[in-house]
Structure formats: C-alpha cells, structure tokens
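Spelled out from the first residue to the last, the chains are:
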Amino acid sequence: MKNKSDLRQELESINRRGYPAYKSLRGQYDFGDFVLSIDHVQGDPFASPSNLSVEIPIRRTGFPEEYRREDYARIALEDCILRRFSETLSKNSFKAKGSGKSGLLATSRPGQEILHRSALVITKDKLTARFEAGFPANGRTVNSYELEKMLFDFLPPAVMQSLYCKSWKKEVLQKNYELAVDQHFIREELPKRKLAAFLGEGSILPRMSGVSSKPLRDAVPLGVPASLKVELDLPYHGKLCGMGIPQGVTLIIGGGYHGKSTLLQALEQGVYNHIAGDGREYAVTEDTACKLRAEDGRSVRNLDLSLFIHNLPNGKDTKCFSTADASGSTSQAAAVMEGIEAGSRTFLIDEDTSATNFLVRDEFMQKIVHGDKEPITPFCARVRDLYDKAGISTVLVAGSSGAFFHVADTVIQMDAYRPLDVREKVERFLPEYPLPAFEADEFRLPGTDRAFWGKPVKQGGGSGRQGRDYGRNERSGHGGPGSDRSGNGESGHGGSDNERRSGGRGREERIKTKVMSTDGFSLNHDMVDLRYVEQLIDSEQTAALAKMMKYVLTHLSGTVSVDRLAKMLAHQIEKDGLEPFMDGCGYCGLAMPRIQEIYAMLNRYRG
C-alpha cells in the first residue's frame, strides 16, 4: 500500500496537466491514523464529484463495543458519528478554489430519522466513512496544490474530530446509546402489549412546515386519554406514560385542522427511530406499518384483487388483474393486496387521500345501484376480517363518513391537537345509524406467487460473484449491482449518469440512471414512480432502490415471483448491508429502505 508521501509526489507530478491525469490517483494511501481510498475519480470538474473513503480499524477508534454490539445500537452510533463528520467536512467545503465543483467536500446529511447509510459503516473489524470531493481544476487543468490542501489540511482534522472516540464527550455518546436502547425496548413491547403504536406523553407531533420535518415551535404537546394510557418502564429513561394505539381497527376523527392527519403522519414515520430533540423520539409504530392511498394512473400487474373487485362488466379476471392505468379505487385495492404480500401488520389510511368508493358505500347508493351491478366490495366490509382473520390492524382517519364507527375497536377524536377517547359516546349513537349490509364474498388471502415482469437488461453468463443471477431456481446471489452515480449531498440526487456493465458472455450494457429525490427514479426510459410511497422519507433510500432494481434487471434470468425477489433482496441487505450495491466505488449516497418499500418499487416498475 502507498503512503501519504507517495500521494504528495503523485499530486506534484500531475499538476497543470489535463484533468484526466487525476485518474492516476486511484488507490489506497496510508495516512497513519487512517487509510484514504480514492475509489472513483470524476471525469471533469463539472461532473459528479469523486468518491473517497476513510478506513480505520475499529479497535483504534476507541468506540466501546457496547455501543456497537446490537444492530440498533450500532446504527444509532453510525448516525451520530456521521452527523459530526458531515458537519466538519462542510466547514471546509469550497475553501479550495477552482472551476465547477472544485473544492467540494461533502457526505450524507441525515434528517430527523435514524437510518443505516453507506456514508458511515461500522463492522466488527473497521469503521468506514465515505465522502465526496470535487477535485480542483483551473478550467479543465489539474490544480493539484488545491487538492493537496483538501486531503492533507482539511481531511485529517475532520477524521480526528469525528471518527475517534477520544474527541467525543462521553455523555454525548452515552445519551445516544441510551435513547437507542429505549426506542428498541418500546418496539419490543408493542406486540407483547398488543399495540400497533405508542406515542409518549408530551411528544411534539406537528412539523415546522411542509418542507421541514423539524418540530413546530409552540406546538401543543401530546396529551393522553386515561383510557388509552400505557405506562412503560424504559431501561434508561425510566417510567414513561404514553398513548397506546391498540391492535385492531382504530378510527381517528375530528374537525378540520384539529390534528387528525398530523397524528397519522407521526404514526407513518414512527416506523423509523428519531433523533433526540425531534419531539417524536418516543413515537413508535410497529415497523411493518404501511400507508395506503389512491394512486390514479399507476401500473398494476398480475395481482389478485378479487377480495375487493370482482364481476367486472367486461368479464376481466380480477384474480390475475393487470392494468397500465389504474383508477383510484383499483390502485388502493392493489395497495392493500400488495401490503398483505409485503407482510405488513398495520395499515394506515387517510380518508383525504383515498378513493371514496373504495372505502364505503352508503345505503342510499346501494338502493340505487344494486350490489350485483357494483364490482367493488368496500374496504369497510373487509376491515374487520383483515384483523380477525389475518391479524392486520387498521388505523384510519375519517372526517366525513361515519360508517367505520360500526367496525372500530377504538375511536380517537382530535380536539385542538388533543386526543380524546370517544368510543363510549359513539356506541350510544350506533343504534340510530345502522350500518348498511354489504354483499361480500368469503374472505380469502391472495397467493404470493405472481411473477416479476421486468425485462432483463442482460441475461445469463458470467462466473463468480458477477455471474450469479436470480434464475428459475430463485438462488440469491450476492454480487454487486455495478457502478452508477445517483448523486448525494451537495451534488444532488437529481443527477443522472451512464453506467457500463460487463456481461458474462462479453456483452456490455449501458444503463442511464436518474434519481428524483423521493419521487422515484428512472432506468434508461423506464420510470419507477414512488411519489405516493409516503414512508419513503429520504432521497438516499430512493438511490438504494434504484441500485437494487438495476441489479435485478441486470442479473435476472428465468422467472421469479415478486415475493421471492423482494425477500432475496432483503436477505442480501441483512447479510451484507448496502456494500454489495456499490461495486467497489464507495458511494456515500445510499440509505436503507424497508422491505415494504422494496415491494413498492418492484410493484411500480413498468418495464
């Protein structure tokens, strides 16, 4: 391995040469306190920045084993360290001068949620921090003296201040660890207490604005109705009271602007842990919960919708239903069935973003349009069976229809952001407003054997890690997905790049990828629209999904089911993290999605 003196010499030798001379720097350099890897060099100063990484043996960093032994504690530690590393790098960004992106120093900048990210990874052997750097140039001529400042003057202090435990106050790391333990404890308690969610008393649920997820100043702290109060004895925080959302069917009601959707949004994002000071540290939802909504125009392929849609006038089979342009009701029925397939144990629904004719049909309408002329069985007719027969809870926000009162186990009224348990009040009025009878077929869960329909970019061939594929026998290979640039940090996730693939039989495929924040991504001309997958909260998750989809299309041969494919990807991530999807290029712009979002990606691919 070369050392930092070798790097200095190489930098001096290429000064004032053409920009491609920078590519000679690729490799590893021993800086003593860390090993610097230059993994990918940008093509010119206006292109996406170069990818670099720092590696340190974990024993040398000094971070206690207790903080990294369990997965949830390790991810919290990674997040904590990354936030400081990102801050220290940004202080020196663009201090080195030049054209284009010259002088950029950046890595992932986490939001309010704690996610496992490729930007900082701790294993049993080492700590790896990945970042981006804009290699300086004057026009398109190498300015290596400015790069020398970045790598020798700016980077080492950032490494020492962030990646070594001795630079941290012990209480900061301890509090970070304690919060992670307490949050994990709450998640473990939910099924034991038959709860779908828990929201700590005093939590701040409203956010600052539609474009900021920081807590709203002077917001009303969450109160807790006595009938829904749950007390937990957390390992570090001690006794904590909060509102328990029971398993079953929960209805959230109230007037407009009183906090119904705010409560539901907290439940949606409660599948992730939040940082201290967010206000939702102790707002925890069971981690398979899935937000369902209507998505007019989305693609549906080979899906069994017969639980909700049947007897179509054109005679189309709804047990294997496909459309390129689903209506609101069809798309929401598809979302329910896909959520079941993805293993979700809780559905979250807001009346405002739902298809009305999918949720309920009133008695008057049934008198006019008889059941044998209506192919949609409303969700209201199935919601009890979903819980009683399939164990899937539902939390539904309703502001206009009272039909769900008849099937709800719990009714919470939001009154000026304060929750009230009004189930007893509701029960007094139920006899006056009887629920109309629905004609519904027997409840039956769909199968999970529908085939993935993606057209492979390249088929078969190869040997070793790159040669493995998702074939008919559904083996799960762990080869990397190849090289791409989705953008990160200050370079942006909206960028696009071309990537070259080497096929097993000597073929090469060129794939163009573009990631559009959390709205979705495209592979060549195929768009995966994720705008309405509302629990996708970070553009780095979208970037990771784009890499997974590209891997599937590059390695898929034969037939494999959507269910099997999603589980193989999830298994690969669980075993190796995000590393297999980087192809050795050191991307810092990936974040871990849930398996529910992996299913959503596969289900929305139109290729």
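Residues numbered from 1 in each chain as written. Predicted model: local features only at pLDDT ≥ 70, side-chain atom pairs only at ≥ 80, totals over all residues. Heavy atoms only, no water.

S.K.: A description of the overall build of the chain should follow, citing residues and the corresponding values.
M.R.: A count of helical and extended segments in the chain gives 15 helices and 29 strands. The proportion of buried residues among the 607 residues of the chain is 57%. For the chain, restricting intrachain contacts to residue pairs at least 6 apart in sequence, the fraction spanning at least 24 positions comes to 72%. Split by element, the accessible area of the chain, about 25400 Å² in all, is 47% carbon and sulfur. (Helix = DSSP H or I, 4+ residues; strand = E, 2+ residues; numbered from the N terminus. Buried < 20%, exposed > 50% of the residue type's maximum accessible area, 1.4 Å probe, protein only. Contact = heavy atoms within 4.5 Å. Areas by Shrake-Rupley, 256 points an atom, 1.4 Å probe, with all protein chains shown as cover.)

S.K.: Help me get a handle on the sheet that holds strand S18 (residues 283-285), residues and values and all.
M.R.: Judged by pairing direction, the sheet is antiparallel, and its 4 strands sit side by side in the order S14-S15-S11-S18 without closing on themselves. Among the strands making up the open sheet, the edge pair consists of strand S14 (229-234) and S18. Within this sheet the neighbouring strands show an average axis-to-axis angle of 30 degrees, counted without direction. Each of strand S11 (195-200), strand S15 (238-246) and S18 touches helix H6 (residues 260-269); the most contacted strand, S11, lies at about 110 degrees to it. (Pairing = 2+ DSSP bridges. Axes fitted to C-alpha atoms, helices over the stretch in contact; angles between N-to-C directions.)

S.K.: I'd love a proper account of empty space enclosed by the protein, names of residues and values included.
M.R.: Taken as a whole, this structure holds 6 cavities of 30 Å³ or more when the rule is applied. Of the voids in this model, the largest cavity is the one considered here, and its volume is about 210 Å³. In terms of lining residues, the largest cavity is bounded by 20 residues, among which Cys 290, Lys 291, Gln 596, Ala 600 and Arg 604 are the most central. Here the lining of the largest cavity gets 6 residues from one element, more than from any other, and that element is helix H15 (residues 595-604). In this structure, the second largest cavity occupies an estimated 50 Å³ of space. What lines the second largest cavity is Leu 205, Pro 206, Val 220, Leu 222, Gly 259, Thr 262, Leu 263, Met 414 and Tyr 417. (1 Å grid on protein atoms, 1.4 Å probe; cavity = no way out; pocket = protein on both sides within 12 Å on 5 of 7 lines; lining within 4 Å. Points joined across faces, edges and corners; volume = space filled by probe spheres on them.)

S.K.: A description of the environment of Ser 162 should follow, citing residues and the corresponding values.
M.R.: By the element assignment, Ser 162 lies in helix H4 (residues 144-162). Linking Ser 162 and Thr 88, residues 74 residues apart in sequence, is a C-alpha distance of 7.8 Å. Not counting chain neighbours up to four residues away, the residues in contact with Ser 162 comprise Phe 63, Ile 81, Arg 84, Phe 85, Thr 88 and Trp 168.

S.K.: Tell me about the pattern of salt bridges, and name the residues and values.
M.R.: Counted according to the given criterion, the structure contains 34 salt bridges. Of the charged contacts in the structure, one is a salt bridge between Glu 189 and Arg 193, with a shortest N-O distance of 2.9 Å. Among the residues examined, Glu 189 registers a relative accessible area of 12% and is labelled buried. In this structure Arg 193 comes out as partly exposed when scored by relative accessible area, which is 38%. Ionic pairing is found between Arg 604 and Glu 295, a salt bridge with its closest N-O pair at 2.5 Å. Pair noted here: Arg 604 is in helix H15 and Glu 295 is in the loop between strand S19 (290-292) and strand S20 (300-303), with a separation of 309 residues, a long-range link. Across the pair, Glu 295 and Arg 604 agree in class, each one buried. Several salt bridges share partner residues, and in doing so they unite Glu 113, Arg 207, Asp 278 and Arg 280 into one network. (Salt bridge = Lys/Arg side-chain N within 4 Å of Asp/Glu carboxyl O.)

S.K.: Tell me about the packing of aromatic side chains, and please be specific about residues and values.
M.R.: Overall, the coordinates contain 13 aromatic pairs when judged by the stated rule. The interplanar angle of 20 degrees and the centroid separation of 6.2 Å between the aromatic rings of Phe 308 and Phe 379 together place this pair among those described as stacked. Of the two residues, Phe 308 sits in the loop between S20 and strand S21 (321-323) while Phe 379 sits in the loop between helix H9 (363-368) and helix H10 (383-388), which places them 71 residues apart along the sequence. No difference in accessibility class separates Phe 308 from Phe 379, as the two residues are buried. (Phe/Tyr/Trp six-rings, centres within 6.5 Å; stacked < 30°, edge-to-face > 60°.)

S.K.: Can you lay out the packing of helix H3 (residues 71-90) against H4 for me, pointing to particular residues and giving the numbers?
M.R.: With their axes 9 Å apart at the nearest point, H3 and H4 run at an angle of 155 degrees to one another. On the basis of their axis angle, the class for H3 and H4 is roughly antiparallel. In the packing of H3 onto H4, the handedness of the crossing is right-handed. Along its contact with H3, which presents Ile 81, Arg 84, Phe 85, Thr 88 and Leu 89, the element H4 presents Leu 155, Ala 158, Gln 161 and Ser 162. Here the contact of H3 with H4 is built from residues that sort into 5 nonpolar, 3 polar and 1 charged. (Parallel < 35°, antiparallel > 145°, perpendicular 65-115°, else oblique. Left-handed = near helix turned anticlockwise from the far one by under 90°. Nonpolar A, V, L, I, M, F, W, Y, C, P; charged D, E, K, R; others polar.)

S.K.: Describe the nonpolar core, naming the residues involved and giving the relevant values.
M.R.: It is characteristic of soluble globular proteins that their nonpolar side chains tend to be buried jointly. Counting 54 residues, the largest nonpolar core has Leu 7, Leu 25, Leu 36, Phe 135 and Leu 163 as its most contacted members. Only helix H1 (4-14), strand S3 (35-40), strand S4 (50-57), H3, strand S7 (120-122), strand S8 (126-133), H4 and helix H5 (170-192) provide two or more residues apiece to this core. Per-element accounting of this core gives the leading share, 8 residues, to H4. Excluding anything up to four places from it in sequence, Leu 25 contacts Leu 7, Glu 10, Leu 11, Ile 14, Ile 38, Phe 135 and Leu 147. (Core = buried A, V, L, I, M, F, W, Y, C linked by side-chain atoms within 4.5 Å.)

S.K.: So what about the packing of helix H13 (residues 539-555) against H15? Which residues, and what values?
M.R.: The relative placement of two packed helices is expressed as an angle between their axes plus a distance between the axes. Where H13 contacts H15, the two axes come as close as 10 Å, and the packing angle between them is 55 degrees. Classified by the interaxial angle, the pair formed by H13 and H15 is oblique. Where H13 crosses over H15, the handedness of that crossing is right-handed. Contacts between H13 and H15 pair Leu 545, Met 548 and Met 549 from the former with Glu 597, Ile 598, Met 601 and Leu 602 from the latter. Class assignment of the residues belonging to the contact of H13 with H15 gives a composition of 6 nonpolar, no polar and 1 charged.

S.K.: Describe H5, naming the residues involved and giving the relevant values.
M.R.: Along its 23 residues, H5 runs 34 Å from first to last C-alpha, staying within 8% of the 33 Å computed at 1.5 Å per residue. Here H5 has its buried residues at Leu 173, Asn 176, Tyr 177, Leu 179, Ala 180, Val 181, Asp 182, Gln 183, Ile 186, Arg 187, Glu 189 and Leu 190. The positive-phi residue at the C-terminal boundary of H5 is Lys 194, with phi of around 55 degrees. (Expected span 1.5 Å × (residues − 1).)

S.K.: How would you explain the sheet that holds strand S16 (residues 249-253) if you had to name every residue and give the values?
M.R.: Strand order in the open sheet formed by 6 strands is S19-S22-S23-S16-S24-S25, and the pairing between neighbours is mixed. In this open sheet, the two strands that pair with only one neighbour each are S19 and strand S25 (418-421). Within this sheet the neighbouring strands show an average axis-to-axis angle of 25 degrees, counted without direction. Across 4 bridges, the pairing between strand S24 (residues 410-415) and S25 is antiparallel. Note on S25: the bridge partner recorded for Ile 412 is Asp 421. Sheet contacts for H6: S16, S19, strand S22 (346-350), strand S23 (393-397) and S24; angle to S22, the most-contacted strand, approximately 150 degrees. Taken strand by strand, helix H7 (residues 328-341) contacts S19 and S22, and its axis lies near 160 degrees from that of S22.

S.K.: How would you explain the environment of Tyr 22 if you had to name every residue and give the values?
M.R.: Position of Tyr 22 relative to the elements: it lies in the loop between H1 and strand S2 (27-30). The class for Tyr 22 is buried, based on a relative accessible area of 0%. Between the alpha carbons of Tyr 22 and Asp 44 there is a distance of 9.4 Å; along the sequence they are 22 residues apart. Other than its neighbours up to four places away in sequence, Tyr 22 contacts Ile 14, Val 41, Phe 135, Pro 136, Val 142, Asn 143, Ser 144 and Leu 147.

S.K.: Please set out the environment of Met 527 residue by residue, giving values where relevant.
M.R.: On the secondary structure map, Met 527 appears in strand S29 (residues 526-529). Placed 77 residues apart in sequence, Met 527 and Arg 604 show a C-alpha to C-alpha distance of 8.7 Å. Once you skip the residues sitting within four places of it in the chain, Met 527 turns out to touch Met 516, Asp 519, Gly 520, Phe 521, Ser 522, Arg 604 and Arg 606.

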